[in-house]
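Overview (structure and organization)
Spelled out from the first residue to the last, the chains are:
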Amino acid sequence: MSIYILGIESSCDDTSAAVIKDQVILSNLIANQEVHRTYGGVVPELASRAHQQNIIPVVEQALMKAKLTKNQLHAVAFTRGPGLLGSLLVGTSFAKAFSLSLGIPIIEVDHMEAHILAHFIQEADGSRALPSFPFLCLTVSGGHTQIVLVKDYFNFEIVGKTIDDAAGEAFDKAAKIMGLPYPGGPLIDQLARQGNENTFRFPEPLIPGLDYSYSGLKTSFLYFLRDRLREDEGFLEKNKADIAASIQKSIIDILVKKLEMAAREFGIKDIAIAGGVSANSRLREVLHSKSVALGWNVFIPKFEYCTDNAAMIAIAGYFKFLKKDFAEQSVSAYARR
Ligand code: KG4
Ligand code: ZN
């Protein structure tokens, strides 16, 4: 018998619902919240309200696209945290009410674990190669930068992490300094394609071990632009693509250097990336070249499973369903772990 699970993701500014049949995604709908763009970042109160407006239509569409009725579902999985509390409460409360009305269990999912488990989403024809344990996963999002040693579906060890800003934050802050709207990561990626990444150089952080730091890079980027703009007020406009390509190179090289160290240290060649920044085209290119040079087996999720989505919540829910790992109705969201 196949297992059908509805996944709900509402940790930040995207309301998403997905339906999974065992390990295969049948639908994955995302309602983006345009409302935050003009503010240069996510406004928590506006996000909560938009989730409340979006969640029912998004779930309805996810079921419709999956050609399923709600009575065919076996469980509802939802993001319990980490994220914005008001946003998480919308998804959590929806999941509770929906499961009560249908008489099916609820499954709580950790957002960061779900980003990693997105690697186990299978194609309908079973054609996708899945990573085998243990593997290393570079988890890079707007809030996290971690190297995770993945020993089993729910057995993770964080072996390196950022001591200040996350890589996605570094992208977004650099974009903001360049006057680009939020979230700037994808815009820097786009601009960089027309630029020369070796035009400008920024200092590399000197952090021991497998940890990361991005706050120094952000500051030096800020001063770099301020100084160049003093000399020539058209500097940014004239060099936009080269600036984007150069800062992107710095951010990605820092990520990959520590990942390479970790791979050597643990003797692991199965390397995965997860989280919003894994959508970055330079990171993907560099990893492909490492797979040739170092014999890595590189696992990169499909584009739509990199940034926040409910498909990853549904797959995590599926593995928990198999363990009968269900949550109580009294479960509450957490902003941080
Ligand atoms: O995982 P995610 O969607 O949300 C969080 O859980 O944070 O990650 C969002 C982050 C943002 O900082 C965004 O700028 C970054 O991922 N991002 C990118 C790209 N696409 C999204 N950064 C660089 N290049 C991209 N193509
Ligand atoms: Zn995320």
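Just so we're clear, the structure is a prediction, and the values are computed from it rather than from any experiment. (Residues numbered from 1 in each chain as written. Chains lettered and ligands numbered in written order. Predicted model: local features only at pLDDT ≥ 70, side-chain atom pairs only at ≥ 80, totals over all residues. Heavy atoms only, no water.)

**Some points on the overall build of the protein chain**
From N to C terminus, the protein chain includes 9 helices and 10 strands. Its C-alpha radius of gyration of 20 Å places the protein chain within 12% of the 20 Å reference for a compact globule of 337 residues. Seen through its C-alpha atoms, the protein chain measures out along the principal axes to roughly 65 × 45 × 35 Å. Sequence separation of at least 24 residues holds for 72% of the intrachain contacts in the protein chain that already meet a minimum separation of 6. Entry remark: accessible area of the protein chain is about 15,000 Å², with carbon and sulfur atoms responsible for 52%. Within the protein chain, one finds 35 positive and 37 negative side-chain charges whose respective centroids are separated by 1 Å. (Helix = DSSP H or I, 4+ residues; strand = E, 2+ residues; numbered from the N terminus. Rg over C-alpha atoms; globule rule 2.2 N^0.38 Å. Contact = heavy atoms within 4.5 Å. Areas by Shrake-Rupley, 256 points an atom, 1.4 Å probe, with all protein chains shown as cover. Lys, Arg positive; Asp, Glu negative; His and termini not counted. Charge placed at Lys NZ, Arg CZ, Asp CG, Glu CD.)

**Observations concerning the layout of surface pockets**
Its boundaries defined by the atoms lining it, the second largest pocket holds a volume of some 230 Å³. If you go around the second largest pocket, you meet 14 residues; those closest to its centre are F202, E204, K249, S250 and D253. Considering only residue class, the lining of the second largest pocket consists of 5 nonpolar, 3 polar and 6 charged. (1 Å grid on protein atoms, 1.4 Å probe; cavity = no way out; pocket = protein on both sides within 12 Å on 5 of 7 lines; lining within 4 Å. Points joined across faces, edges and corners; volume = space filled by probe spheres on them. Nonpolar A, V, L, I, M, F, W, Y, C, P; charged D, E, K, R; others polar.)

**Notes on the coordination of the zinc ion (ligand 2)**
Within the protein, the atoms that donate to the zinc ion (ligand 2) are H111 (NE2), H115 (NE2) and D308 (OD), at distances of 2.1 to 2.2 Å. Read in sequence order, the donor residues coordinating the zinc ion (ligand 2) give the pattern H-x3-H-x192-D. Remark: D308 occurs in the loop between β10 (297–299) and α9 (311–322) and H115 occurs in helix α3 (residues 111–117); sequence separation between them is 193 residues. Per residue, the accessibility class of H115 equals that of D308, and both read buried. (Donors = N, O, S within 2.8 Å, 3.2 Å for Na, K, Ca; no water. Buried < 20%, exposed > 50% of the residue type's maximum accessible area, 1.4 Å probe, protein only.)

**Points about the pairing of strand β8 (residues 155–161)**
Of the strand pairs in this sheet, strand β7 (residues 145–152) and β8 are connected by 6 bridges, and their pairing is antiparallel. Within β8, the position partnered with V150 by the bridge is F156. Counting the residues in the hairpin turn of β7 and β8 gives 2 residues. (Pairing = 2+ DSSP bridges.)

**Regarding the pattern of salt bridges**
Two side chains bearing opposite charge may form a pair once their charged atoms approach each other closely. Taken as a whole, this structure holds 19 salt bridges when the rule is applied. R226 is the salt-bridge partner of D227, the closest N and O atoms lying 3.4 Å from each other. Its relative accessible area of 32% is what places D227 among the partly exposed residues. Its relative accessible area of 40% is what places R226 among the partly exposed residues. A salt bridge links K240 to E237, with the shortest nitrogen-to-oxygen separation between them at 3.3 Å. Of this pair, K240 and E237 both sit in helix α7 (residues 235–266), separated by 3 residues, roughly a single helical turn. Look at E237 and you get exposed, because its relative accessible area is 56%. Overlapping salt bridges bring together D165, E169, K173 and K218 as one network. (Salt bridge = Lys/Arg side-chain N within 4 Å of Asp/Glu carboxyl O.)

**Details of empty space enclosed by the protein**
Applying the stated rule across the entire model yields 1 cavity of 30 Å³ or more. By volume, the largest cavity is sized at about 40 Å³. Surrounding the largest cavity, A118, I121, E123, R128, P301, K302 and Y305 form its lining. Looking at the lining of the largest cavity, its residues break down into 4 nonpolar, no polar and 3 charged.

**Notes on the packing of aromatic side chains**
In this description, a pair of aromatic rings is defined by centroid distance and the angle of the planes. Under the definition given, this model contains 17 aromatic pairs. Connected via pairs of aromatic rings, a cluster forms that spans F120, F133, F135, Y153, Y318 and F319. (Phe/Tyr/Trp six-rings, centres within 6.5 Å; stacked < 30°, edge-to-face > 60°.)

**Observations concerning the sheet that holds strand β6 (residues 135–140)**
Within the open sheet, the 5 strands sit side by side as β8-β7-β6-β9-β10. Their pairing is mixed. The outermost strands of the open sheet, each flanked by one partner alone, are β8 and β10. Going from strand to strand, the sheet's axes swing by 25° on average, the running direction of each strand aside. In the packing of α7 onto the sheet, contacts are made with β6, β7, β8 and β9 (270–274), and the angle to β6 comes to roughly 160°. (Axes fitted to C-alpha atoms, helices over the stretch in contact; angles between N-to-C directions.)

**A short note on the site of ligand 1**
The environment of ligand 1 is made up of 19 residues, and the closest members are G142, D172, D189, G276 and D308. With respect to ligand 1, the backbone of G142 contributes an N or O atom lying 2.8 Å from an oxygen atom. A distance of 2.8 Å separates a nitrogen atom of ligand 1 from a polar atom in the side chain of D189. Against a free-state accessible area of 550 Å², the protein chains account for coverage of 89% of ligand 1. Where the shell around ligand 1 is concerned, the elements lending two or more residues are α3, α4 (167–177) and α5 (185–192). The residue inventory of the shell around ligand 1, partitioned by class, reads 5 nonpolar, 11 polar and 3 charged. (Near = heavy atom within 4 Å. Polar contact = N/O pair within 3.5 Å; in protein donor to acceptor, adjacent residues only side chain to side chain.)

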